[in-house]
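Structural overview
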Amino acid sequence: MINYLGGMWQAAKNWSPAILTALALILIWEFVVWFLDIQRWLLPPPTIIFQELIDSIGLLSRHAGITLLEIIMGFAVSLMIGVALASGIVWSRTMERSIYPIIIASQTIPIFTLAPLLIIWVGTDIFSKVIVVVLFTFFPLVVSLVTGLRSVDSESVDMFRTLGATNAQIFRKLMIPTALPNFFAGMKVAVVVSVIGAVIGEWVGASAGLGWLMKLSGPQFQTARVFAAIVVLSVVAITLFSAIVAIEKWSLRKYPSSLNQAKNLGES
Amino acid sequence: MAVSTVHKDALLTVSGVGFDYKGIPVLDNVDLSVNRGEFVALVGPSGCGKSTLLNLISGLLSPGKGTITANGISDSSGRLGNVSYMQQRDLLLPWRTIAENCQLGMELRSISADVSKARVQELAKSFGLFDVLNHMPWQLSGGMRQRAALMRTILLENDVLLLDEPFGALDAITRTALQKWLLSVLVRNDKAVLLVTHDVEEAILLADRVMIMASEPGRIIAEVDVRLSESSIESSFTSPAFVELRKGILALLERQEVSL
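Residues numbered from 1 in each chain as written. Chains lettered and ligands numbered in written order. Predicted model: local features only at pLDDT ≥ 70, side-chain atom pairs only at ≥ 80, totals over all residues. Heavy atoms only, no water.

1. Examining the nonpolar core
- One finds L60, V142, F160 and L210 of chain A to be the most contacted residues of the largest nonpolar core, which totals 55 residues.
- When contributions to this core are tallied by element, the ones reaching two or more residues are α3 (57-91), α4 (93-106), α6 (126-150), α7 (154-162), α8 (167-204), α9 (210-217) and α10 (223-251) of chain A together with α3 (98-108) of chain B.
- When residues no more than four places from it in sequence are discounted, the contact partners of F160 of chain A are A165, Q169, I170, K173 and L174 of chain A together with L93, L104 and L108 of chain B.
- Listed in part, the 49 residues of the second largest apolar core include L150, F167, V210 and L245 of chain B. (Core = buried A, V, L, I, M, F, W, Y, C linked by side-chain atoms within 4.5 Å. Buried < 20%, exposed > 50% of the residue type's maximum accessible area, 1.4 Å probe, protein only. Helix = DSSP H or I, 4+ residues; strand = E, 2+ residues; numbered from the N terminus. Contact = heavy atoms within 4.5 Å.)

Below you can see the structure in the form of structure tokens.
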């Protein structure tokens, strides 16, 4: 109990500067809008955005649900593709030489320009958005996993071999656990860009989702609604990121803190 | 120390073994054998191919020339998992407890967790690790980690045991304590033990026979019987027999250096 309260106090201490800064910025925003008498459609003050958030919560959460579904489906597919590609790259030199350069080169193509093509090929339903999310997220997953799997030292592999381990056992019991801290770092990057991916996909062609709602509300000068959608998107992104950090903390609970990346990227 | 064997019951035989690395000969015509219940030490300068020899015996490498038979197995890859090999570094997995690290070999052989756990607990008492079985490796001292690594190796229950400078990275006080402890653990065992070390005193204290190696290419140049009486082990480093043996071995090693 004391530990729990202590943890809460520590968390409050860690987060309070950021929260106070954000509150101050919001206050300044509010004040400037009122003081300069800026038009609502040009820049709505935070109180109006908050009002919009409450008034349209049903609409916003319905579209947020669709965006979240695209993100989760895309992330899941990306995980499968990423693990398969990274394993292949680490396992065989031929795979590495033939695939890895193409994967890296593919990242120089602006994915935003691929989205219209995907709409033409796949249509405006959810799958085009899932594909855009996959395109955005598989790269950090593959790179982090390849780096992690490569960080296994040869002496440990030898130790496993002298214990009579098969290649599959070495992969499962040595290489995967060694790669986990790196992999989680990649997942944290991937989950954040997955939100961007889903919004871009919706922007180009969709009939639902927060990106679509923003695209629709802009030209109608429903600026407060655009801001409210941004707030909801941020909440979605922060929630997903926190979920990954929680899974990471649990998965790496036995790792010494020097190997635990959570401290560097997750909180503090 | 270990019971002297009258019969030549060799568990490990290395005959005429040569090994090249990138065209450079590392080992040339190495012959040695270790009998059941015998403890043999290999002593030589750094880079003389001692570790390469252990890699060959364990099956991690295949010899270019000659044959190696350990516990009746001559096929290199067949020896993997059938020769217990403790490398220089403890290589404990940081995400596993000491118990889980020691269970690794049995786990890889699909021995049930209950059985392997029981065996680890049984052995942990004599290894002085019983109270730290649920600790993580980073919580242990260097000496304890080294003992845990030896326990993981010994739990494979192979008759041939290879030790590559097991105490090399430890401070002098811990090293001496562990050497005496290792003697007590391995007393009256029925294994064939081959220890690689550059520490002559360690070799004399632990082994029945010491093989002396020279480098470039690595080869065995002499063999010394170093069996000490029980009383000599007690006073070890100061007993006249010990001092005499050490002088002799150092002379053999030094002669080698001069000729280089």
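2. A short note on the packing of α9 of chain A against α10 of chain A
Residues and elements named next belong to chain A.
- With their axes 9 Å apart at the nearest point, α9 and α10 run at an angle of 165° to one another. In terms of orientation, α9 and α10 fall into the roughly antiparallel class. Relative to α10, α9 is oriented so that their crossing is left-handed. Residue-level inspection shows L210, L213, M214 and S217 of α9 in contact with α10, the latter providing R225, V226, A229, I230, V232 and L233.
- A breakdown of the residues in the contact of α9 with α10 according to their chemical character gives eight nonpolar, one polar and one charged. (Axes fitted to C-alpha atoms, helices over the stretch in contact; angles between N-to-C directions. Parallel < 35°, antiparallel > 145°, perpendicular 65-115°, else oblique. Left-handed = near helix turned anticlockwise from the far one by under 90°. Nonpolar A, V, L, I, M, F, W, Y, C, P; charged D, E, K, R; others polar.)

3. Points about the domain arrangement of chain A
Residues and elements named next belong to chain A.
- When the domains of chain A are assigned, the result is domain 1 (1-38) and domain 2 (41-266).
- On a C-alpha basis, the centroid separation for the pair domain 1 and domain 2 is 28 Å.
- Taken together, the contact between domain 1 and domain 2 spans six residues of the former and eight residues of the latter.
- Between domain 1 and domain 2, a total of about 620 Å² is buried, with carbon and sulfur atoms accounting for 78% of that surface.
- Area buried by domain 1 at its contact with domain 2 is led by W29, E30 and I38, which between them contribute 71% of it.
- In this assembly, domain 1 and domain 2 are joined by zero salt bridges. (Domains from an automatic or database assignment. Buried area = accessible area lost by both parts, 1.4 Å probe. Salt bridge = Lys/Arg side-chain N within 4 Å of Asp/Glu carboxyl O.)

4. Observations concerning the interface of chain B and chain A
- Across the contact, 24 residues belong to chain B and 20 residues belong to chain A.
- Here chain B packs against chain A, burying approximately 2,000 Å² in sum over the two surfaces, 64% of which is carbon and sulfur.
- Among the residues of chain B in contact with chain A, L60, W95 and L108 of chain B are the three that bury the most area, contributing 35% of the side total.
- Taken together, the links from chain B to chain A amount to four salt bridges.
- Here K254 of chain A and E100 of chain B are joined by a salt bridge, their closest N and O atoms 3.0 Å apart.
- Seen at the junction of chain B and chain A, the total is seven residue pairs in polar contact (both at pLDDT 80 or more).
- Per-element accounting of the side of chain B that touches chain A gives the leading share, five residues, to α3 of chain B.
- Residue classes in the side of chain B that touches chain A are distributed as 13 nonpolar, six polar and five charged. (Polar contact = N/O pair within 3.5 Å; in protein donor to acceptor, adjacent residues only side chain to side chain.)

5. Focus: the packing of aromatic side chains
All names here are of chain A.
- This model, assessed by the stated rule, comprises five aromatic pairs over all chains.
- Centroid distance F31 to F35: 5.4 Å. Interplanar angle 15°. Geometry classified as stacked. One end of the pair, F31, and the other, F35, are both in helix α1 (residues 2-36), four residues apart, so they sit about a helical turn from each other. Comparing F31 with F35 shows no difference in burial state: the two are exposed.
- Above the face of the W34 ring, R40 is positioned so that its terminal group lies 4.6 Å from the ring centre.
- Against the face of W250 rests R253, its NZ or CZ located 4.3 Å from the ring centre. (Phe/Tyr/Trp six-rings, centres within 6.5 Å; stacked < 30°, edge-to-face > 60°. Lys NZ or Arg CZ within 6 Å of the ring centre and 35° of its normal.)

6. Looking at α7 of chain A
- Within α7 of chain A, the full set of buried residues consists of S156, M159, F160 and T162 of chain A. Across the axial projection of α7 of chain A, the buried residues extend over an arc of 165°, all falling on one side.
- In this structure, the buried residues of α7 of chain A make contact with α8 of chain A together with α1 (50-58), β5 (84-86), α3 and α5 (142-154) of chain B.
- Positive backbone phi, at 85°, marks G164 of chain A, one or two positions downstream of α7 of chain A. (Arc of directions from axis to C-beta.)

7. Some words on the pairing of strand β9 (residues 219-225) of chain B
- Alignment of strand β8 (residues 209-214) of chain B against β9 of chain B, held across six bridges, turns out to be antiparallel. From the neighbouring strand, V210 of chain B faces β9 of chain B, where its bridge partner is V224 of chain B. (Pairing = 2+ DSSP bridges.)

8. Things to note about α9 of chain A
Residue and element names in this part refer to chain A.
- For α9, every residue scored as buried is listed here: L210, G211, L213, M214 and S217. The arc that holds every buried residue of α9, seen down its axis, measures 160°, which confines them to one face.
- Of the surrounding elements, those touching the buried residues of α9 are α3, α8 and α10.

9. Quick look at the sheet that holds strand β4 (residues 65-70) of chain B
Residue and element names in this part refer to chain B.
- Taken together, the three strands give an open sheet; going across it, the order is β2-β1-β4, and neighbouring strands pair in antiparallel fashion. The two strands at the open ends of the sheet, each matched to only one other strand, are β2 (24-35) and β4. On average, adjacent strands in this sheet sit at an angle of 15° to one another, irrespective of strand direction.

10. Overview of the sheet that holds strand β6 (residues 160-164) of chain B
Residues and elements named next belong to chain B.
- Read from one edge to the other, the open sheet built from six strands follows the order β5-β6-β7-β3-β8-β9, with strand pairing classed as mixed. Sheet topology places β5 and β9 at the edges, where each strand pairs with a single neighbour. This sheet shows a mean twist of 20° between the axes of neighbouring strands, independent of strand direction.
- In the packing of α5 onto the sheet, the strands contacted are β5 and β6, and the crossing angle to β5 comes to about 165°.

11. What about a nonpolar patch on the surface?
- A cluster of nonpolar side chains, L25, I28, F31, V32, F35 and L36 of chain A, forms an exposed patch at the surface whose accessible area comes to about 650 Å².
- In this structure, I28 of chain A sits in helix α1. (Patch = residues over 30% accessible without salt bridge, like charges linked within 9 Å, V, L, I, M, F, W, Y side chains within 5 Å. Areas by Shrake-Rupley, 256 points an atom, 1.4 Å probe, with all protein chains shown as cover.)

12. Thoughts on the pattern of salt bridges
- Counted by the stated rule, this structure contains 15 salt bridges over all chains.
- A salt bridge links K173 of chain A to E107 of chain B; the nearest nitrogen and oxygen atoms lie 2.7 Å apart. In this pair, K173 of chain A sits in helix α8 while E107 of chain B sits in helix α3, so the two residues belong to two different chains.
- The class of E107 of chain B is partly exposed, set by a relative accessible area of 26%.
- Among the salt bridges present, the one from D159 of chain B reaches R36 of chain B, with a minimum N-O distance of 3.5 Å. Of this pair, D159 of chain B sits in the loop between α5 and β6 while R36 of chain B is found in the loop between β2 and β3 (39-43), placing the two residues 123 residues apart along the sequence.

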